[in-house]
Protein chains: 2
Amino acid sequence: MNTTSTFPTVLRELLRTNQSFLSYAASHVNKLDLTLPQFDVIITLGGTAGMQYKKLGEKTLITKGTLTGVVSRLEDKGLVERAASKKDGRSQILRLTEAGNDLFERTFPEHLEFINRLFSNYSEEEIATLGTALLRLQKAVSVCRGNEIIDEVIDE
Amino acid sequence: MNTTSTFPTVLRELLRTNQSFLSYAASHVNKLDLTLPQFDVIITLGGTAGMQYKKLGEKTLITKGTLTGVVSRLEDKGLVERAASKKDGRSQILRLTEAGNDLFERTFPEHLEFINRLFSNYSEEEIATLGTALLRLQKAVSVCRGNEIIDEVIDE
DNA sequence: ACGAAATGGTTTTAATCAAAACTATTTTAT
DNA sequence: ATAAAATAGTTTTGATTAAAACCATTTCGT
C-alpha cells in the first residue's frame, strides 16, 4: 500500500456503495411513509412475539440513544407498542401492533423482492465474495481499534 | 438467491462495515475537534488553489443542502473561506485558509497512515477484490434505479 | 446485608442527512 | 430581444446520528 497515495479509493467506494444502496432502499420504503430506520425496526420485530429494547438495538445497528426516538415515532404512527418487562424493572419489551403486523406482512415480501433485484445477475459465488470481503474489512477495523485502545492505555 | 430468506445478509454486512469503518475514522478525526464531513471537506480542498461549491459537493458525497452548513461551520473555525466566482454570479469558490492549509498539511499524512493500517495485512489482490465487488454492487443499484424510473414513467 | 459497579433506557447536545422549496443568475428556445 | 427553462447555492423541514450525562434498577464484591 502506497502510503503517499490519496485517500484509499476502496474506502471511498465503500461509502459510495453504502450511500447508493441506502438511497435505493429508501426510495421503496418512502412510499410506505416510513424512513429506513423505522422500517428496519419493523422488519426486525416482524415475525416475533416481541423483543427487548437492547436486543432490538443490537439487531438494527441503531444506537440506543437514537432508538428511543425512532421507536417513539413508530408508537405515534400506531405501529409499535412498549410493555414493561416482568423480569427486569429497567427493561422493556417492544412488539408490533396489529396495524404494524399487517404492514409488515403486506410489505416485507415486496421489499425483499425489491432488494433482491440487485442480485438478479449475480452468482452465489459473487455474493459470497462480496460478503467475505466486507467481513474481512470489519475484522481489520476491529483489530486496529483494539490496538488503538491499547495505545491509549499505554499513553496514560 | 432464496427470495424467502431474511434481509440479504450481505447488505447487512455492507451497513455494518460502513458504520464500523466510519467509527474508526472518526475516532482519529475527533482528536482534531472536527467531524468526518468537516475533515472530508478539508482533505478535498487540500492541495488545491480552490474549488467550486458544486465540484466540492460531487467529490465529497455531501448533498448541497447539507454542504452549506458544513462549510459554514468550517468558516466559523477559520479553516475555509468563500469567494464569489468572477465567471458566474451564482457560483462560489471555496478554499482553505492559511490555518486550514496548516491543519491539512500537518494531519493528512497521519490520517492516511491511520486509515492505511487497515490494509497492512492485505495483498494488492485482496484490496482489488473488495473494490471490484463494491463497484459491481454500485452498478447493480444504478441499473435497478434506471429500471425503476422507467417503471414510474410508464405508470403515469 | 450493604455499598459499589454495571446495566437498561432516556434526555441532551451538536451535527448531519436528504429532499423540497426558494431566490438569484445563467442558458436556452423562440 | 425576450420569455422560459435550467442551474448554483440557501433555507426549511423532519428525521437521524452518536456520544455523553443522567436516573432507576440490577448485579457484584466485600
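Cut-offs applied
Residues numbered from 1 in each chain as written. Chains lettered and ligands numbered in written order. Predicted model: local features only at pLDDT ≥ 70, side-chain atom pairs only at ≥ 80, totals over all residues. Heavy atoms only, no water. Near = heavy atom within 4 Å. Polar contact = N/O pair within 3.5 Å; in protein donor to acceptor, adjacent residues only side chain to side chain. Helix = DSSP H or I, 4+ residues; strand = E, 2+ residues; numbered from the N terminus. Nonpolar A, V, L, I, M, F, W, Y, C, P; charged D, E, K, R; others polar. Pairing = 2+ DSSP bridges. Contact = heavy atoms within 4.5 Å. Axes fitted to C-alpha atoms, helices over the stretch in contact; angles between N-to-C directions. Core = buried A, V, L, I, M, F, W, Y, C linked by side-chain atoms within 4.5 Å. Buried < 20%, exposed > 50% of the residue type's maximum accessible area, 1.4 Å probe, protein only. Parallel < 35°, antiparallel > 145°, perpendicular 65-115°, else oblique.

Caption draft 1: Layout of the protein's contact with DNA strand D. Around DNA strand D sit 22 residues, and of these T35(A), R73(A), K54(B), R82(B) and Q92(B) come closest. One of the side-chain N or O atoms of S91(B) is found 3.3 Å from a phosphate oxygen in DNA strand D. For the surface near DNA strand D, the secondary-structure elements that each account for two or more residues are α2 (36-45) and α4 (64-76) of chain A together with α3 (53-60) and α4 (64-76) of chain B. Of the residues forming the surface near DNA strand D, the biggest block, 4 residues, is contributed by α4(A). For the surface near DNA strand D, the per-class residue count stands at 4 nonpolar, 11 polar and 7 charged.

Caption draft 2: Local environment of the pairing of strand β3 (residues 92-96) of chain A. Residue and element names in this part refer to chain A. In terms of strand pairing, strand β1 (residues 51-52) meets β3 through 2 bridges, oriented antiparallel. In the sheet register, M51 faces β3, and the bridge partner there is L94. Here strand β2 (residues 80-84) runs beside β3; their pairing, made up of 5 bridges, is antiparallel. Counterpart to R82 in the pairing with β3 is L94.

Caption draft 3: A look at the sheet that holds strand β1 (residues 51-52) of chain B. All names here are of chain B. In space, the 3 strands of this open sheet follow the order β1-β3-β2, with antiparallel pairing throughout. The two strands at the open ends of the sheet, each matched to only one other strand, are β1 and β2 (80-84). The sheet contacts of α4 involve β2 and β3 (92-96), and relative to β2 the element is tilted by about 115 degrees.

Caption draft 4: Spotlight on unusual backbone geometry. Residues and elements named next belong to chain A. Although it is not a glycine, D33 sits at a positive phi angle of roughly 60 degrees. By secondary structure assignment, the location of D33 is in the loop between α1 (9-29) and α2. The backbone of L61 sits at a positive phi, close to 65 degrees, despite the residue not being glycine. As for its position among the elements, L61 is in the loop between α3 (53-60) and α4.

Caption draft 5: How the structure looks around the nonpolar core. Membership of the largest hydrophobic core comes to 42 residues, with the highest contact counts inside it found for L11(A), L118(A), L137(A), L11(B), L118(B) and L137(B). Put simply, the parts of the chain that give this core at least two residues each are α1, α5 (98-116) and α6 (124-155) of chain A together with α1 (9-29), α5 (98-116) and α6 (124-155) of chain B. Setting aside residues up to four positions removed in sequence, L137(A) forms contacts with L11(A), L14(A), T17(B), L118(B), F119(B), Y122(B) and L130(B).

Caption draft 6: How the structure looks around the packing of helix α2 (residues 36-45) of chain B against α4(B). Residue and element names in this part refer to chain B. With their axes 10 Å apart at the nearest point, α2 and α4 run at an angle of 80 degrees to one another. The angle between the axes of α2 and α4 places the two elements in the roughly perpendicular class. Here α2 contributes P37, Q38, V41 and I42 to the contact with α4, which in turn contributes L67, V70, R73 and L74. Across the contact of α2 with α4, the residue classes tally to 6 nonpolar, 1 polar and 1 charged.

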